[in-house]
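Report on the structure
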Amino acid sequence: MNTGKKSVFLVDDDNMFLTMLTDHLEALERYNVSTFTTGEACMEQLGKKPDVIVLDYYLDSAVPGALNGMEILQRIKSVDPELKVVMLSSQEHYGIALQTIAKGALYYVIKDNQAFGEIEHLLSEIV
Amino acid sequence: MKISPQALAELFKEMDLFETIPYPVLEKLATHSNIRKKKPGEIVFQKDEVGNALYVILEGAVRIHDHDYVVAQQAAGSFFGELALLDEGPRSMSVSATTDTTLAVIGRADFYSVLEVFPGVMQTVVGMLARRLRQQTERLVEQLRRREEELTRLVEVRTAEVVQQKEEAERQRAQAEREKQEAEFQRNRAEQSERFKQQFLANMSHELRTPMNAVMGMTNILLQKQPREDQLVYLDSVMRSSKNLLTILNEILDISKIEAGKMELEHTDLSVEKILEQVVATLRYRADEKNIAIEVECDPALPPVLVGDPVRLQQILLNLVGNAIKFTEKGGVKLAVQVTEQRAEACTLRFAVRDTGIGMTPEQAAIVFESFRQASGDTTRKYGGTGLGLSISKHLVELFGGTISVNSEVGRGSEFSFSIELPLSEHTVVAEQEGVSAAMLEALRGIRILVVEDNHYNRIVASETLDLKIPEVKIEMVENGAEAVEICKTERFDLILMDVHMPVMDGLEATRRIRESNSAIPILALTASVIKTEIQKCYDCGMSGWIPKPFIDSELFGAIYAVLHEGKAPMPELPEPATDAPLSGETEAVDLRFIEELTGGNEARIRKYIDLYLESVNTNLPGIETALSNGDYERVHRLVHTIKPQFRMMGLEKTGELAAVIEAAIAEQQPAEHIQQMVAHLLKNMRRSVDDMGPAA
């Protein structure tokens, strides 16, 4: 279905943040948002060619043993190096941000209350 | 023009009005008519005048009008004023001649007296009047319609203009909003990258200090092993470069601490005079090298003992005097202190550093205190330095409660000055800091020391330094805390030097275990961290004191001597106990402002998010409790990490902060008891938030 809307995948094991971000992006009426609570579920749908993936750093709180965002980022990049990925985390460590950027993430957004506006802005710029 | 009644009657006969009337009657009417002549523009009658005559135009033309508004034009052969035949009332319009005009005027009484035998004429008159009224009405209606159309058109044009203006205003507002959002976004990004930068700088300088420790320590050892003369030159150069590098690292660490608001000043007794002496003693060789004078001028009224941070005051002055020497080629540098105000409990001092150097332009002077800025771009290349010294000095002076300023002139020199107020001390002399004397080292003869250090090079530095200085010292070395605990079970030591960060078991945990069976042995921490909370952790786990890494000989031996022979901690000024801000006070109340703003006040969405939060607490709260009671801190860490952003969304800022502190505490493997206490408070806050928002709908 081509509605002219851009396709956004959100991957986060924090249901509350996931829902709030989904609501926020859908209210803009510019994006078709698909949500996943594990990176593995997101990987299965990569064939749908999303325009951008917003990926949380830690993904194993709901499903113990689930792969973390860093691993998923690398797998996404090995499937499609051009796919745009924005990393999301409440990790405020520079080193982690640097690692995700080094592995091909476009941006690193800290999961605080500014994150919604920041992601909205990032998406309007990159897709 | 002279008209005979016959001719006039002929004229009447031609008119519609009179066509049914026999000629003799018209002739009689003509004899009763008066002839009037009017000039162009002359009024025939005025509106509202009482009228009782009918006018027939014989020659010329008239216009019927109301002031400027012309209703009709009439020419020869037509008549006007006919309403007066029906009713002797006010004229509804004015009439005036438009050219030379001749009129026949028929009075009402004459009209009827002549024509009463012809009632048909009345019918004709009324019919004509009706027709004329209808025509006039139609014309008026037409005019009204046209006006209305014109008005409608005007309104449409105006409306379009207004709409356009409104659209333009809206467009501008949207543009302004976009620009505002853009600015906000850029600001956030800038703040975030600033945070990264701070952390990066702090981490880098911290990471670099550890290998620097090894380089400087080993160079020191080689210097003391009677090197050949050529080797001595190289070693001196290594030593000087290392010291420079350490200075730069310290400056970077200082500025990141200052900018993060983490720099605190000590309050101990100090002697300003001694500090000035030390500054000059430290820098004199550099002035001598450049063959310039260096002098000190000390106000005799200066109290001998004041209270403040001697290290930081010395740092400011070293920086200013060092700079002055750096930028002066001839003449000299003068360091002066003056008492500008003396009160019972405190005094104000003005410090000034004057040089006869290259000076600065006002533009250069204006930016000289900014971080990473130097008077000109090539200053770094020519004179070296990080460009941080003056910025650090400025911030330190501000921490002392003063301000720094500069007066400078190109080619004449500069004067940097600042005034600070320092409290008077209760003491009359500053307690002497003992240096390393031969007697002290002799007193340490034959002691047994355990060095616990994971870094191979640092181990060698420590043991060689101790071996060189302390006669007959016996040194045992192990690589981590677990080995230290093990060896302490079988061997006896006089002293343990304990690295804090080590694999397998860190120094804090090792100290706690050793203390279980040996409360008396002095344990000194070797730590590259100089942050108060880190130092506090060393004391909390039972250490006797600490030595900063990289250490200098006097600090190392001074600390060892102090702890063994004076029975006191080498750094007596205990940092105040760390207060965990998020722990203080009561539980925190929920504040929904953020989600209200985010959702634009959408009640359904707000309720949904509250329910999601409550659901999350319902799962995570027991999860955290279970993990905590199982001692599974990794799991506690993960759950706390996940829920942390949710606290912030619910306006639970302090709880979010506490979650971050807990994460850090777990990552640093702080004492379980401390973590448990914080997690308990976190859980309390979570329960309170559930109470605040009620059960899930």
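Values in this document were obtained by computation on a predicted structure and should not be read as measured data. (Residues numbered from 1 in each chain as written. Chains lettered and ligands numbered in written order. Predicted model: local features only at pLDDT ≥ 70, side-chain atom pairs only at ≥ 80, totals over all residues. Heavy atoms only, no water.)

1. A word on the interface of chain A and chain B
Note the threshold: Any two residues having at least one pair of non-hydrogen atoms within 4.5 Å are treated as being in contact. Only one rule defines a salt bridge in this text: a Lys or Arg side-chain nitrogen within 4 Å of an Asp or Glu carboxyl oxygen. By definition, any uninterrupted DSSP run of H or I lasting at least four residues is a helix, any uninterrupted run of E lasting at least two residues is a strand, and each is numbered from the N terminus. The nonpolar class holds Ala, Val, Leu, Ile, Met, Phe, Trp, Tyr, Cys and Pro. Asp, Glu, Lys and Arg form the charged class, and all remaining residues, Gly among them, are polar.
Of the residues lining the interface, 32 residues belong to chain A; the matching set on chain B comes to 30 residues. On the surface where chain A and chain B come into contact, there are 4 salt bridges. Of all elements in the fold, only helix 1 (15-26), helix 4 (94-102), strand 5 (107-110) and helix 5 (115-126) of chain A reach the threshold of two or more residues within the side of chain A that touches chain B. Ranked by the residues each element gives to the side of chain A that touches chain B, the list is headed by helix 1 of chain A, at 7 residues. Counted by class, the side of chain A that touches chain B contains 13 nonpolar, 11 polar and 8 charged residues.

2. Examining the pairing of strand 4 (residues 61-66) of chain B
Residue and element names in this part refer to chain B. Here is the rule we go by: A pair of strands is considered paired only if DSSP assigns at least 2 bridges between the two.
Here 6 bridges tie strand 4 to strand 5 (residues 69-75), and the two strands are oriented antiparallel to one another. Opposite Arg63, over in strand 5, you have Gln73 as the bridge partner. What sits between the antiparallel neighbours strand 4 and strand 5 is a turn of 2 residues, in which His67 has the positive phi angle 50°.

3. Let's talk about the sheet that holds strand 3 (residues 53-59) of chain B
Residue and element names in this part refer to chain B. Judged by pairing direction, the sheet is antiparallel, and its 4 strands sit side by side in the order 1-8-3-6 without closing on themselves. Of all the strands in the sheet, just strand 1 (34-38) and strand 6 (79-80) have a single pairing partner and so form its edges. Examined bridge by bridge, strand 1 and strand 8 (residues 101-107) share 5 bridges and lie antiparallel to one another. Following the sheet pairing, Lys38 is matched in strand 8 by Thr101.

4. Quick word on the packing of aromatic side chains
The line we're drawing: Two aromatic rings, drawn from Phe, Tyr or Trp (for Trp, its six-membered ring), form a pair once their centres lie within 6.5 Å of each other, and the interplanar angle then sorts them: stacked below 30 degrees, edge-to-face above 60, tilted otherwise. Classification of residues uses two cut-offs on accessible area relative to the type maximum, computed with a 1.4 Å probe and protein chains only: under 20% is buried, over 50% is exposed, and between them is partly exposed. Geometrically, a lysine NZ or arginine CZ counts as sitting over a ring once it is within 6 Å of the ring centre and also within 35 degrees of the ring normal.
Throughout the structure, instances matching the rule amount to 10 aromatic pairs over all chains. The interplanar angle of 50° and the centroid separation of 6.0 Å between the aromatic rings of Phe45 of chain B and Phe80 of chain B together place this pair among those described as tilted. With a gap of 35 residues between them, Phe45 of chain B in strand 2 (residues 43-45) and Phe80 of chain B in strand 6 connect regions that are remote in the sequence. Exposure class is identical for Phe45 of chain B and Phe80 of chain B. Each is buried. Positioned above the aromatic ring of Phe17 of chain A is the side chain of Lys111 of chain A, whose terminal nitrogen or guanidinium carbon lies 5.2 Å from the ring centre. Stacked on the ring of Phe45 of chain B, the Lys or Arg Arg91 of chain B has its end atom at 3.9 Å from the ring centre.

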